[in-house]
Amino acid sequence: LQSNPNPDLKLDSTQASWFGSLVTVGAAVGGIIGGWIVDKVGRKPSLMMCGLPFIIGFVVIVGAQNIWMLYTGRLMTGLASGIASLVVPVYISETSHPKVRGLLGSCVQLMVVIGIMGAYVGGMILPWYWLAVLSSVPPTLMVILMYFMPETPRYLLSKNKRSEALAVLEWLRGPDVDHDWEYSQIEESCNTQDTKFALSELKDSIVYKPFLIGIFLMLFQQLSGINAVMFYAETIFEQANFENSSEGSVIVGIVQVVFTAIAALIMDKAGRKILLAISALIMSFSAAVFGVYFKIWQENINNSSLHKVDVQNSISMATHAPTWLPLVCLVIFIAGFAIGCGPIPWLVMSEIFPVRVRGIASGVCVLTNWSTAFLVTKEFNDLLENITQYGTFWLFSSFCFMNFLFTIFFMPETKGKTLEQIEALFRGPAHELAD
């Protein structure tokens, strides 16, 4: 779009920045809406409904006559992304068996990174408007296919639709599986809870403990600096003598897909806690080395102030810094993010909340995630100017290490447990939170 021959649709750098950032604004709003509709109308209808703003958004972008139509389309797709990022993990967690819930829940992030890689590849061979047309196909298929899928048994039981819930559970588990025990557990959990959430319940450990865990996981995911590293990715590949920086973007996409797939395959064996802790340590180390690289670069600039140097030009001036170092750090950082910090916050968010607060609590988590993503993206250049490149990456490294400590001391392991067993983990006193 920045090289668009149509002057009405050509974006300058500021407009391109807003075009990229507006999706996070729409997604933050979508998180609030999704938290309401997922409890109000159900998981299945919510998924079908979120397909509509996806389709409308891409149609508006394809038919755009001016920049404001591009912005509108971007906001609509962001809104749909926010709703989907809440409803999809909840739907999967409430329908899947505990033994494969980690695998299926991690597939949410796997499908996201496959879509990103597809967009990278599509962007190399297709004009932007055909890419938007292609992007409208998956949500269209989702709306059609979800028509044939059932509502979740937990939602049905929360609405006292017992016979329907039992039929769905039998359909999900198969006729040869004894599903009566699972049904009785879900029924008992729903019977002990009020159908409506009151703010006074925030003092209840079963609500505020998972609520705080969910919020902090989302904060640490975005404060890890993943968007900052992706911001530098194209320039890093250019410095590493890639003829086409778009090829570097495809490599980034491949790394994300491979390691997210590995995480999905081992999630139910290794566990959420250990994978997230390892992920946070890897990211902390690689971000710290990124900072060292930029420190070396600064010392080799002839009396230039890092505070005023353009980001895109600055890396190319690092003639005395090893060019392989940021490339290796980039791959390690992205791989570390993919095995834990990428998929696990969304997976755990869908597991830890009681049924009666799952919608609103997940909505707040999604709002936190996308709002933080927007703030980090918009304030990134100010950070570079005020605390320099190496200071910025050391700050991200410290957030990753804080994520590691938080995971070790406060996040419970949910591997192999039913949602009702996970709920019971939070009934104990505060000092038992990590047990």
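Residues numbered from 1 in each chain as written. Predicted model: local features only at pLDDT ≥ 70, side-chain atom pairs only at ≥ 80, totals over all residues. Heavy atoms only, no water.

A separate point is the overall build of the protein chain. Scanning the protein chain from N- to C-terminus turns up 18 helices and 0 strands. A burial count over the protein chain gives 52% of its 435 residues as buried. The contacts of the protein chain with a sequence gap of at least 6 include a subset with a gap of at least 24, amounting to 81%. Looking at the protein chain as shown, the accessible area adds up to about 19,500 Å², and 66% of this sits on carbon and sulfur atoms. (Helix = DSSP H or I, 4+ residues; strand = E, 2+ residues; numbered from the N terminus. Buried < 20%, exposed > 50% of the residue type's maximum accessible area, 1.4 Å probe, protein only. Contact = heavy atoms within 4.5 Å. Areas by Shrake-Rupley, 256 points an atom, 1.4 Å probe, with all protein chains shown as cover.)

Inspection of the entire model under this criterion finds 7 salt bridges. With its nearest N and O atoms 3.1 Å apart, the salt bridge here joins Asp39 to Arg43. One salt bridge in this structure joins Asp268 and Arg272, with 3.2 Å as the shortest N-O distance. Taken individually, Asp268 and Arg272 each receive the classification buried, so the pair is uniform in this respect. One network of salt bridges, in which partners are shared, links Asp39, Arg43, Glu94 and Arg358. (Salt bridge = Lys/Arg side-chain N within 4 Å of Asp/Glu carboxyl O.)

At a minimum axis separation of 8 Å, helix α2 (residues 43-62) and helix α6 (residues 137-146) run at an interaxial angle of 155°. The angle between α2 and α6 falls in the class roughly antiparallel. Here the hand of the crossing between α2 and α6 comes out left-handed. The segment α2 lies against α6, with Lys44, Leu47, Met48, Cys50, Gly51, Phe54 and Ile55 engaging Pro139, Thr140, Met142, Val143 and Met146. The class makeup of the residues in the contact of α2 with α6 is 9 nonpolar, 2 polar and 1 charged. (Axes fitted to C-alpha atoms, helices over the stretch in contact; angles between N-to-C directions. Parallel < 35°, antiparallel > 145°, perpendicular 65-115°, else oblique. Left-handed = near helix turned anticlockwise from the far one by under 90°. Nonpolar A, V, L, I, M, F, W, Y, C, P; charged D, E, K, R; others polar.)

Turning our eyes to something else, we now look at the confidence of the model for the protein chain. Averaged over all residues, the pLDDT of the protein chain equals 83, while 84% of them reach at least 70. Model confidence for the protein chain, summarised as mean pLDDT per element, is weakest for helix α14 (residues 311-314) at 49 and strongest for α6 at 93. Segment residues 302-309 is flagged for pLDDT under 50; beyond a separation of four residues in sequence, or across chains, it makes 10 contacts in the model. In this model, residues 314-319 is a region of pLDDT below 50 whose contacts with residues beyond four sequence positions or in other chains number 15 contacts. (pLDDT = per-residue confidence, 0-100.)

For the rest of this paragraph, the subject is the packing of helix α1 (residues 13-40) against α2. Where α1 meets α2, the closest approach of the two axes is 7 Å, and the angle between their N-to-C directions is 135°. Put simply, α1 runs oblique to α2. Like other packed secondary-structure pairs, α1 and α2 cross with a definite hand, here right-handed. In this structure, α1 contributes Ile37, Val38 and Asp39 to the contact, and α2 contributes Arg43, Ser46 and Met49.

Turning next to the side chain of Thr372. Tracing the backbone shows Thr372 in helix α17 (residues 358-410). Accessibility expressed as a relative area gives 10% for Thr372, which makes it buried. Not counting chain neighbours up to four residues away, the residues in contact with Thr372 comprise Leu219, Gln222 and Leu223.

Let us look at the environment of Pro45. Here Pro45 lies in helix α2. Distance in space between the C-alpha atoms of Pro45 and Pro150 is 10.0 Å, their sequence separation being 105 residues.

The end-to-end C-alpha distance of α2 is 30 Å, a good match for the 28 Å that 20 residues give at a rise of 1.5 Å each. Where the residues of α2 are buried, they touch α1, α3 (67-95), α5 (128-135), α6, α7 (153-158) and α17. (Expected span 1.5 Å × (residues − 1).)

What follows deals with the environment of Glu413. Along the chain, Glu413 turns up in the loop between α17 and α18 (419-425). In this structure, the C-alpha to C-alpha distance between Glu413 and Lys273, residues 140 residues apart in sequence, is 5.6 Å. Setting aside residues up to four positions removed in sequence, Glu413 forms contacts with Gly271, Arg272, Lys273, Ile274 and Leu425.

Moving on, we get to the packing of aromatic side chains. Going through the model one piece at a time under the given rule, you end up with 14 aromatic pairs. Taken together, the ring pairs in this structure connect Phe290, Tyr293, Phe294, Phe393 and Phe396 into an aromatic cluster. Above the face of the Tyr147 ring, Lys44 is positioned so that its terminal group lies 5.8 Å from the ring centre. (Phe/Tyr/Trp six-rings, centres within 6.5 Å; stacked < 30°, edge-to-face > 60°. Lys NZ or Arg CZ within 6 Å of the ring centre and 35° of its normal.)

Moving on: the side chain of Arg272. Mapped onto the elements of the fold, Arg272 is located in helix α13 (residues 272-299). In contact with Arg272, other than residues within four places in its own chain, are Arg101, Gly102, Met267, Ile344, Leu347, Val348, Glu351, Met411, Glu413, Thr414 and Lys415.

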